[in-house]
Amino acid sequence: MRVHARNKLDFIFSVVSLSISIGTLICLAIVFAGCTSSSSPSNLYFMKVNLTEFPKLGNLDLRRSVNVIRSDISDISGTVTSEATKVGESAADGVTQASATVQAAVGQVSSKVESISNELKVKLPGYYSVGLWGYCQGEKGGAHYSNCSKPSTSFSFDLVDIFRSAAPEMDNVLPSEGNKILSGYHNLAKWSISTYMVGFIATASAFVLGSMTILCSLGGKWCQILLVLLSTVATICIIAASGLITGIYLPTTGAVQTVLGSLGAHASIGARMFTATWLAVGFSVLTWLAWLIILVCCCI
């Protein structure tokens, strides 16, 4: 009678554990599906960088404005010097003409800054959305992505490099501070992808083995120990991956807001993706507890 009750309890916990494992696999599949192709759901991303109003070069200080158009300033300086030489015989006329030349130079500077701003807006997309394997870009108001990077297991979102590839002039616009964070956490990104993959494989293996214990009447202490070990590995990896990905994109989002916010760029966290990854953590922990309870009951 006691053995029968124990078997019934094992069966119930096994079914519950397998059901929760399905939830874990679904959540991980959602994380894996984000930003992989132009047909990917546009609301699945870890971070979104909105460039609709970027760059607002009118917000640049004088020093950086001059840096953007250094060559033009050199030409203008030569013009001023030439004018001053020509009017050296008449101080009053020299001052008047030099003043007019400087005003014209300021006008050229403003015009050049506006021209560069418009040119960069044409070259850059409306936004970038970042997933686990790659990133996608889209146009302002677009419901779907216009283009996506090739998914890679070594992906790391390097916003500075992406800007330079889209428009080499960005080197003169981007502030020097904060570039290290905007360049991405390459090693952490690779580790997060690896741990996600191990967590998914371990979860799937435990699900297959757990299904066999029910359908094929496999059981015994060693089988339960293996299930607990697989579930433990899966849980540790999913927790680590979720922690790493959170530690990557929360600071990066803040850096975009701090460093590029004055230039018109805005960044936001993808609530759905982070909900999915942390739900996977919760489901994985519950699955581990269920297999652990079965093991303890089996050994009593």
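What counts, and where the lines are drawn
- Residues numbered from 1 in each chain as written.
- Predicted model: local features only at pLDDT ≥ 70, side-chain atom pairs only at ≥ 80, totals over all residues.
- Heavy atoms only, no water.
- Pairing = 2+ DSSP bridges.
- Helix = DSSP H or I, 4+ residues; strand = E, 2+ residues; numbered from the N terminus.
- Patch = residues over 30% accessible without salt bridge, like charges linked within 9 Å, V, L, I, M, F, W, Y side chains within 5 Å.
- Areas by Shrake-Rupley, 256 points an atom, 1.4 Å probe, with all protein chains shown as cover.
- Salt bridge = Lys/Arg side-chain N within 4 Å of Asp/Glu carboxyl O.
- Buried < 20%, exposed > 50% of the residue type's maximum accessible area, 1.4 Å probe, protein only.
- Arc of directions from axis to C-beta.
- Polar contact = N/O pair within 3.5 Å; in protein donor to acceptor, adjacent residues only side chain to side chain.
- Disulfide = S-S within 2.5 Å.
- Contact = heavy atoms within 4.5 Å.
- Axes fitted to C-alpha atoms, helices over the stretch in contact; angles between N-to-C directions.
- Core = buried A, V, L, I, M, F, W, Y, C linked by side-chain atoms within 4.5 Å.
- Parallel < 35°, antiparallel > 145°, perpendicular 65-115°, else oblique.
- Left-handed = near helix turned anticlockwise from the far one by under 90°.
- Nonpolar A, V, L, I, M, F, W, Y, C, P; charged D, E, K, R; others polar.

Focus on the pairing of strand E3 (residues 135–138)
Okay, so step 1: One ladder, built from four bridges, connects strand E2 (residues 127–130) with E3; its direction is antiparallel. If you follow tyrosine 128 over to E3, its bridge partner there is glutamine 137.
Okay, so step 2: Between E2 and E3, which pair antiparallel and follow one another directly, the connecting turn spans four residues.
Okay, so step 3: For E3 and strand E4 (residues 147–148), the ladder comprises two bridges, and the chain directions are antiparallel. Opposite glutamine 137, over in E4, you have asparagine 147 as the bridge partner.

Quick notes on a nonpolar patch on the surface
Okay, so step 1: A cluster of nonpolar side chains, namely Phe11, Ile12, Val15 and Val16, defines an oily patch on the protein surface of about 320 Å² accessible area.
Okay, so step 2: Residue position: isoleucine 12 is located in helix H1 (residues 2–33).
Okay, so step 3: Overall, isoleucine 12 belongs to the partly exposed group, its relative accessible area being 43%.

Things to note about helix H5 (residues 159–166)
Okay, so step 1: Among all positions of H5, only Leu159, Val160, Ile162 and Phe163 are buried. End-on view of H5: buried residues confined to an arc of 165 degrees, all on one side of the axis.
Okay, so step 2: Here H5 starts with a cap whose side-chain oxygen sits 3.3 Å from the backbone nitrogen of valine 160, and that cap is aspartate 158.

Thoughts on the state of the cysteines
Okay, so step 1: Inspection of the entire model under this criterion finds one disulfide.
Okay, so step 2: Between the sulfur of cysteine 136 and that of cysteine 148 lies a disulfide, 1.9 Å long from S to S. Residues cysteine 136 and cysteine 148 are joined by a disulfide whose S-S torsion is about 105 degrees; by sign, that bridge is right-handed. With cysteine 136 in strand E3 and cysteine 148 in strand E4, this residue pair connects regions lying 12 residues apart in the sequence.
Okay, so step 3: Cysteine 136 sits in the buried class, given a relative accessible area of 0%.

Things to note about the sheet that holds strand E1 (residues 47–50)
The strands making up a sheet associate through hydrogen bonds between their backbones, and the pairing can be parallel or antiparallel.
Okay, so step 1: If you trace the five strands from one edge of the open sheet to the other, you get E4-E3-E2-E1-E5, paired in antiparallel fashion. Edge positions in the sheet fall to E4 and strand E5 (266–269), since each has one partner strand and no second.
Okay, so step 2: As paired strands, E1 and E2 are joined by four bridges and run antiparallel to one another. Of the residues in E2, the one forming a bridge with lysine 48 is serine 129.
Okay, so step 3: Where helix H8 (residues 221–260) meets the sheet, it contacts E1, E2 and E5, and its direction lies at approximately 160 degrees from that of E5.

Here we look at the environment of isoleucine 214
Okay, so step 1: Relative to the helices and strands, isoleucine 214 resides in helix H7 (residues 186–215).
Okay, so step 2: Distance in space between the C-alpha atoms of isoleucine 214 and aspartate 10 is 9.6 Å, their sequence separation being 204 residues.

Describing the nonpolar core
Okay, so step 1: Judged by nonpolar contacts, the single largest core of 48 residues is most densely connected at Tyr128, Phe157, Phe163, Tyr249 and Leu260.
Okay, so step 2: When residues of this core are traced back to their parent elements, those giving at least two are H1, E1, E2, H5, H7, H8 and helix H9 (271–299).
Okay, so step 3: Looking at which element gives the most residues to this core, the answer is H8, with nine residues.
Okay, so step 4: The contact partners of phenylalanine 157, leaving out residues within four places of it in the chain, are Met47, Val49, Tyr128, Val130, Tyr135, Ile162, Leu182, Ser183, Gly184 and Tyr249.
Okay, so step 5: Among the nonpolar cores identified, the runner-up in size contains nine residues, and Leu209, Val228, Trp291 and Leu295 belong to it.

Points about the packing of H7 against H8
Okay, so step 1: Packing of H7 against H8 brings their axes to within 7 Å, and their N-to-C directions diverge by 155 degrees. Put simply, H7 runs roughly antiparallel to H8. Crossing angle aside, the handedness with which H7 passes H8 is left-handed.
Okay, so step 2: Residues of the contact of H7 with H8, tallied by class, amount to 20 nonpolar, eight polar and no charged.

Topic: the side chain of threonine 252
Okay, so step 1: As for its position among the elements, threonine 252 is in helix H8.
Okay, so step 2: Judged by relative accessible area, which is 5%, threonine 252 ranks as buried.
Okay, so step 3: Beyond its immediate sequence surroundings of up to four residues, threonine 252 is in contact with Met47, Ile181 and Tyr185.

Description of the environment of isoleucine 193
Okay, so step 1: The topology assignment puts isoleucine 193 in helix H7.
Okay, so step 2: Once the C-alpha coordinates of isoleucine 193 and serine 154 are considered, the two residues, 39 residues apart in sequence, prove to be 7.6 Å apart.

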